Amino acid sequence: MQKVTSTPADDSACGWYHLSGPRQPRPAHSGMKKARWTIIGAGYTGLAAARQMALNFPDEEIVLVEAQEVGFGTAGRNAGFAIDLPHDIGAEDYIGDLETARSTLKLNLLGQSVLRDIVQSNRIDCAMRASGKYQAAVTRRGLAVLDAYRRGLDKLGQPYEIIEGDSLPEHIGTAFYKRALYTPGTILVQPSALVKGLADSLPENVTLFERTPITEVEYGEKIVLGHANGRITTDKLVLANNAFGMRFGFLGRTMLPVFLYASLTRPLTKDEQAALGGKSFWGVIPADPFGSTVRRTHDNRILIRNSFSFNPDGRPKQHNLGRMAKRHRVSFERRFPKLPNVGFDYTWSGSLALSQNHQGFFGQLAPGVYGALCCNGLGITRGTVTGTLLADWIAGKRSDLIDFLLSSSGPNKAPPEPFLSLGVNATLWWGQRKAGLES
Ligand SMILES: Cc1cc2nc3c(=O)[nH]c(=O)nc-3n(C[C@H](O)[C@H](O)[C@H](O)COP(=O)(O)OP(=O)(O)OC[C@H]3O[C@@H](n4cnc5c(N)ncnc54)[C@H](O)[C@@H]3O)c2cc1C
């Protein structure tokens, strides 16, 4: 058996996880099991793939295996922006090639509509709201990014509104930013509540095992997945475990596990809400990709998300949390001098899979092994739609979106260590330094 050399082990401090409704995790697997279909990873991609496989193969059992508890991993740790628009940070105007951008927009809209339908039909309580997003800037560099993105949106024919700094407090309370570009299509969610709800509304022919990290694998006519308490032997395997897919022997050195950090305040009091002003629910993403994401949540907390670290094994470093909480505090105080005594209840980290060329993988990895991997930081919509379409493709369906995904060159290879860590750390350090006041 080949060893899976690293498995997920997220920190236990994620606010979204603790504040979403408690649920009874499904039992871990133990003993021997045979299955026709097994999916690894119950984030957006794996949950969507499992649901769609179950619909495509209604008479078959679909096994879904998750290392941790559903809602505890990255899918429940993100900032909760289910974004419609393409956001190609490699392109000068964030839109890049028009044909690619149109297909990306179609994919993201489909991802949103799949999620919206499931949330509505199963009454998942995840504070899902179509509130749009503000992309906000404070520095000259940030304002130039907004200009470029505006040109990109014109090219793509997508609506937006420019809001100047003096009007922004009516929207988001703070007078910190100089300008924002508001786009109406983003949906905001409580991410951990969403994934818990997705897991609890899976079709009956999905068997979900939680707290079952797969630690060994053997490929052959049948694929054997080993873990501490048993084995699952499967005909076909779908990898939906993002950068951990590399630990199963595929796409080596293509997906970079980059950790992001977020903090959530205590709920604002009525007086604090009045002092802050603005709308009661909103989300801001930074003009500079290294800047801060900020949200006012449905329960009147403020979320700050900024700072990065590169942890090649995909596992968090506990000692980073205190340092990042201090950075979040500085970012909070810059934006909210009107809220002097509002402390953070939670600070946590989560990893995403980035590739150098901003491409993900979709398709077949080896005989009987398929994957939808590397969401490049936009996994809520992207993971949902790629998981869904992978299940369709496996079932023999074709569409222009499936062809588009299959035609991707996939994530490209990064240099070997120690050059990889040196290069990524230098890029992160320089990017965060350049972001300046945007963070
Ligand atoms: C702080 C932060 C903010 C973010 N903000 C946003 C945002 O606003 N909008 C957005 O779209 N995205 C955002 N992201 C990124 C988003 O969370 C990811 O892109 C998304 O979770 C990817 O979904 P996924 O299902 O492909 O992978 P994941 O969510 O990573 O799920 C993969 C699952 O596989 C499991 N797994 C891995 N290895 C094994 C194994 N050996 N055995 C069993 N199970 C295994 C893991 O435990 C995990 O649950 C953010 C991420 C972070 C960390």
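Each residue is numbered by its place in its chain's sequence as written, counting from 1. In view of the model being predicted, local features appear only for residues whose pLDDT reaches at least 70, and side-chain atom pairs are presented and counted only at 80 or more, with totals across whole chains, interfaces and linings using the full set of residues. By convention in this description, side-chain values take in all heavy atoms of the structure and omit both hydrogens and water.

A. Quick peek at the packing of helix α2 (residues 44-56) against helix α9 (residues 379-394). Between α2 and α9, whose axes approach to 7 Å, the crossing angle comes to 30°. Classified by the angle between their axes, α2 and α9 sit roughly parallel to one another. The element α2 and its partner α9 pack so that their crossing is right-handed. Packed against α2, whose contacting residues are Tyr-44, Thr-45, Ala-48, Ala-49, Gln-52, Met-53 and Asn-56, the element α9 presents Gly-379, Ile-380, Gly-383, Thr-384, Thr-386, Gly-387, Thr-388, Ala-391, Asp-392 and Ile-394 at the interface. Any residue that is not Ala, Val, Leu, Ile, Met, Phe, Trp, Tyr, Cys, Pro, Asp, Glu, Lys or Arg is counted as polar, Gly included; the first ten are nonpolar and the last four charged. Split by residue class, the contact of α2 with α9 holds 7 nonpolar, 9 polar and 1 charged. Between N-to-C directions, angles cover 0 to 180 degrees, with each direction set by a line fitted to C-alpha atoms, over the stretch in contact for helices. Each helix corresponds to a stretch of at least 4 residues labelled H or I by DSSP, and each strand to a stretch of at least 2 residues labelled E; elements are numbered beginning at the N terminus. Any angle that is under 35 degrees is reported as roughly parallel, and any over 145 degrees as roughly antiparallel; angles of 65 to 115 degrees are reported as roughly perpendicular and all others as oblique. Take the far helix as your reference; a near helix turned counterclockwise from it by less than a right angle gives a left-handed crossing, and one turned clockwise gives a right-handed crossing. The criterion used for residue contact is that any of the two residues' heavy atoms lie within 4.5 Å.

B. View of the site of the ligand. Note on terminology: near, applied to a residue and a molecule or strand, indicates that one of the residue's heavy atoms is within 4 Å of it. Within the structure, the ligand sits among 37 residues, and Tyr-44, Thr-45, Glu-66, Ala-67 and Phe-81 are positioned closest to it. Within the side chain of Glu-66, an N or O atom sits 2.6 Å from an oxygen atom of the ligand. Residue burial considers only the protein chains on display, and all accessible areas are found by Shrake-Rupley using a 1.4 Å probe. Alone, the ligand offers 990 Å² of accessible surface; in the complex the protein occludes 96% of this. Breaking the shell around the ligand down by element, the ones donating at least two residues are α2, β17 (344-354) and α9. When grouped by side-chain class, the residues that make up the shell around the ligand number 19 nonpolar, 15 polar and 3 charged. Definition of a polar contact: a pair of N or O atoms within 3.5 Å, with one able to donate and the other able to accept a hydrogen when the atoms are protein atoms, and with sequence-neighbouring residues admitted only if both atoms are side-chain atoms.

C. Representation of the packing of aromatic side chains within the structure. Between the rings of Phe, Tyr and Trp (Trp by its six-membered ring), a pair exists once the centres lie within 6.5 Å; its type follows the angle of the planes, with under 30 degrees stacked, over 60 edge-to-face, and the other angles tilted. Going through the model one piece at a time under the given rule, you end up with 13 aromatic pairs. Look at Tyr-17 and Phe-72: their rings are 5.1 Å apart centre to centre, the planes differ by 90°, and that puts the pair in the edge-to-face class. One end of the pair, Tyr-17, is in helix α1 (residues 15-19); the other, Phe-72, is in the loop between β3 (62-65) and β4 (81-82), with 55 residues separating them in the sequence. Both rings, one in Phe-290 and one in Phe-308, keep their centres 5.2 Å apart while their planes meet at 65°; by these two values the pair is edge-to-face. Taken together, the positions of Phe-290 in the loop between β14 (282-286) and β15 (293-296) and Phe-308 in strand β16 (residues 302-310) put the pair 18 residues apart, joining distant regions of the chain. Pair check on accessibility: Phe-290 and Phe-308 agree, each one buried. An aromatic cluster of at least three residues, connected via ring pairs, comprises Phe-332, Phe-336 and Phe-344. Between Arg-129 and the ring centre of Phe-281, over which it is positioned, the NZ or CZ distance is 4.4 Å. Only when the NZ of Lys or the CZ of Arg is both within 6 Å of the ring centre and within 35 degrees of the ring normal is a charge said to sit over the ring. The residue whose ring lies beneath Lys-279 is Tyr-182, and the NZ or CZ to ring-centre distance is 5.8 Å. Residue burial is assigned from relative accessible area. The probe radius is 1.4 Å, only protein chains are included, and a residue is buried under 20% of its type maximum, exposed over 50%, and partly exposed in between.

D. Inspection of the sheet that holds β15 at higher detail. If you walk across this open sheet you meet the 8 strands as β6-β7-β5-β14-β15-β16-β13-β17, and the pairing is mixed. The strands lining the two open edges of the sheet, one partner per strand, are β6 (161-164) and β17. Between one strand and the next, the sheet's axes are offset by a mean angle of 25°, whatever the strand orientation. Pairing between strands is defined by DSSP: at least two bridges between the two strands are required. Pairing of β15 with β16 involves 4 bridges; the strand directions are antiparallel. Looking at the pairing, Arg-296 lines up with Ile-302 of β16. Sheet contacts for helix α4 (residues 140-156): β5 (133-137), β6 and β7 (179-183); angle to β7, the most-contacted strand, approximately 30°.

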